[in-house]
Amino acid sequence: MEWDAYVRHPFLTGLADGTLPAEAFRTYLVQDYLYLLQYARCYALAIYKDGQAASMRSTARLLAGLLDTELGLHIEYCAQWGLSEDDLAREPESLELLAYTRTILDYGQSGDILDLMVSLSACLIGYAEIGLRLLADPATRREGNPYLHWIEVYGGEHYVALANQGARRLDELAISHGADARYAMLKRCFRTTVLLETAFWTPRPLRT
């Protein structure tokens, strides 16, 4: 039930049919940029928590790609929506972003690499499911939809491959780190992050 509320949120319906108010999308884009900064911290923590050379190198490459490429692409995309890099940097984190990213970091800091990767999987895997579903849905508006590019990115081959890689890594960690014995705790972790992901679709800027 929580998963459906996340991947079928009204925000996404607005993206699919092109009716989402532009200001709502701009707010999301700003918070998504700030999220990427915290996301990078999470993967830096994953390297520290891992301890296996091969997977540490793989995570390091992912982190480098995030910092060197994805952030730049996000900034370029935001510019198309009238948001400069300075605009992105000076906005405060929303309450939803603060709750979400600090919860993930807390799971990672207090637990092990499996706890951290489970908490990150709601975003990684969920966005791929959303992108694929919206791309395949004949009701998704193509002509003149200002949000089609966003849908194509997350339903595209590159991102879906990353999500599949992350899912395989999660399966490996589940075996090596005794997921069966910790299932109830891991399920609680995942459910919490799904709820926080759902709240992130409509972030409220924090003004102090």
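Whatever comes next refers back to the structure up there.
What counts, and where the lines are drawn
- Numbering of residues starts from 1 in each chain and follows the order in which that chain's sequence is written.
- The model is predicted, so local features are restricted to residues of pLDDT at least 70 and side-chain atom pairs to those at 80 or more, both for listing and for counting; the totals for chains, interfaces and linings are taken over all residues.
- Note that water and hydrogens are dropped before the side-chain values are worked out from all heavy atoms of the structure.
- Every case where a carboxyl oxygen of Asp or Glu lies within 4 Å of a side-chain nitrogen of Lys or Arg is listed as a salt bridge.
- Each helix is a run of DSSP H or I of at least 4 residues and each strand a run of E of at least 2, with the numbering of both proceeding from the N terminus.
- Using a 1.4 Å probe on the protein chains alone, a residue whose accessible area is under 20% of its type maximum counts as buried, one over 50% counts as exposed, and one in between counts as partly exposed.
- Axes, fitted as lines to C-alpha atoms, cover a helix only where it is in contact. Angles between the N-to-C directions of the axes lie from 0 to 180 degrees.
- Here roughly perpendicular refers to angles of 65 to 115 degrees, roughly parallel to angles under 35, roughly antiparallel to angles over 145, and oblique to all remaining angles.
- Crossing handedness is read from the near helix: turned anticlockwise from the far helix by less than a right angle, it gives a left-handed crossing, and turned clockwise, a right-handed one.
- Contacts: residue pairs with any heavy atoms within 4.5 Å of one another.
- The definition of a polar contact used here is a pair of N or O atoms within 3.5 Å, where within protein one atom must be able to donate a hydrogen and the other to accept one, and adjacent residues in sequence count solely through side-chain atom pairs.
- Each cavity reported here is a set of points on a 1 Å grid over the protein atoms alone in which a 1.4 Å probe fits but cannot get out, each pocket an open set with protein on both sides within 12 Å along at least five of seven lines, and each lining residue one with an atom within 4 Å of a point.
- Grid points are joined across faces, edges and corners, and a volume is the space filled by probe spheres set on the points.
- Nonpolar residues are Ala, Val, Leu, Ile, Met, Phe, Trp, Tyr, Cys and Pro. Charged residues are Asp, Glu, Lys and Arg, and all others, Gly as well, are polar.

A. A look at the pattern of salt bridges. Taken as a whole, this structure holds 8 salt bridges when the rule is applied. Between arginine 90 and aspartate 87 there is a salt bridge; the shortest N-O distance is 2.6 Å. You can see arginine 90 and its partner aspartate 87 sitting in helix 5 (residues 85–90), 3 residues apart, about one turn around the helix. Owing to a relative accessible area of 58%, arginine 90 belongs among the exposed residues under this scheme. Of the charged contacts in the structure, one is a salt bridge between glutamate 172 and arginine 169, with a shortest N-O distance of 3.7 Å. Here the residue glutamate 172 and the residue arginine 169 both occupy positions in helix 9 (residues 157–176), the gap between them amounting to 3 residues, near one helical turn. Taking the relative accessible area as the measure of exposure, arginine 169 reaches 21% and is therefore partly exposed. One salt-bridge network, held together by shared partners, links Asp50, Arg169 and Glu172.

B. Focus on the packing of helix 6 (residues 95–110) against helix 7 (residues 113–136). One can describe the packing of helix 6 onto helix 7 by two numbers: an axis separation of 7 Å at closest approach and a directional angle of 155 degrees. Taken as axis vectors, helix 6 and helix 7 run roughly antiparallel relative to one another. Note that helix 6 runs across helix 7; the crossing there is left-handed. Along the contact surface, helix 6 presents Tyr100, Ile104, Tyr107 and Gly108, while helix 7 presents Asp115, Leu116, Ser119, Leu120 and Cys123.

C. Fine view of the side chain of histidine 74. Residue placement: histidine 74 occurs in helix 4 (residues 53–79). Judged by its relative accessible area of 9%, histidine 74 is buried. Side-chain polar atoms of histidine 74 contact the backbone oxygen of leucine 29, separated by 3.1 Å. In this view, histidine 74 contacts Leu29, Asp32, Tyr33 and Leu36; residues no more than four positions away in its chain are not counted.

D. Structural view of empty space enclosed by the protein. All told, the structure shown has 1 cavity of 30 Å³ or more when counted by the stated rule. Taken as a whole, the largest cavity spans an internal volume of roughly 60 Å³. For the largest cavity, the full set of lining residues is Met117, Leu120, Ser121, Leu124, Ile125, Gly166, Ala167, Arg169 and Leu170. Only helix 7 and helix 9 provide two or more residues apiece to the lining of the largest cavity.

E. Local environment of the layout of surface pockets. Considered as a void within the structure, the largest pocket measures approximately 1100 Å³ in volume. Forming the walls of the largest pocket are 42 residues, and the residues nearest its centre are Leu66, Glu70, His158, Tyr159 and Leu162. Mapped onto the lining of the largest pocket, the elements with two or more residues apiece are helix 3 (22–50), helix 4, helix 7, helix 8 (148–154) and helix 9. The element best represented in the lining of the largest pocket is helix 4, accounting for 13 residues. Here the residues of the lining of the largest pocket are counted per class, giving 21 nonpolar, 12 polar and 9 charged. Approximately 280 Å³ is the volume attributed to the second largest pocket. Along the walls of the second largest pocket sit 13 residues, with Val118, Leu170, Tyr183, Leu186 and Phe190 positioned nearest its centre. Elements with a minimum of two residues in the lining of the second largest pocket: helix 7, helix 9 and helix 10 (183–200). A per-class count over the lining of the second largest pocket returns 10 nonpolar, 1 polar and 2 charged.

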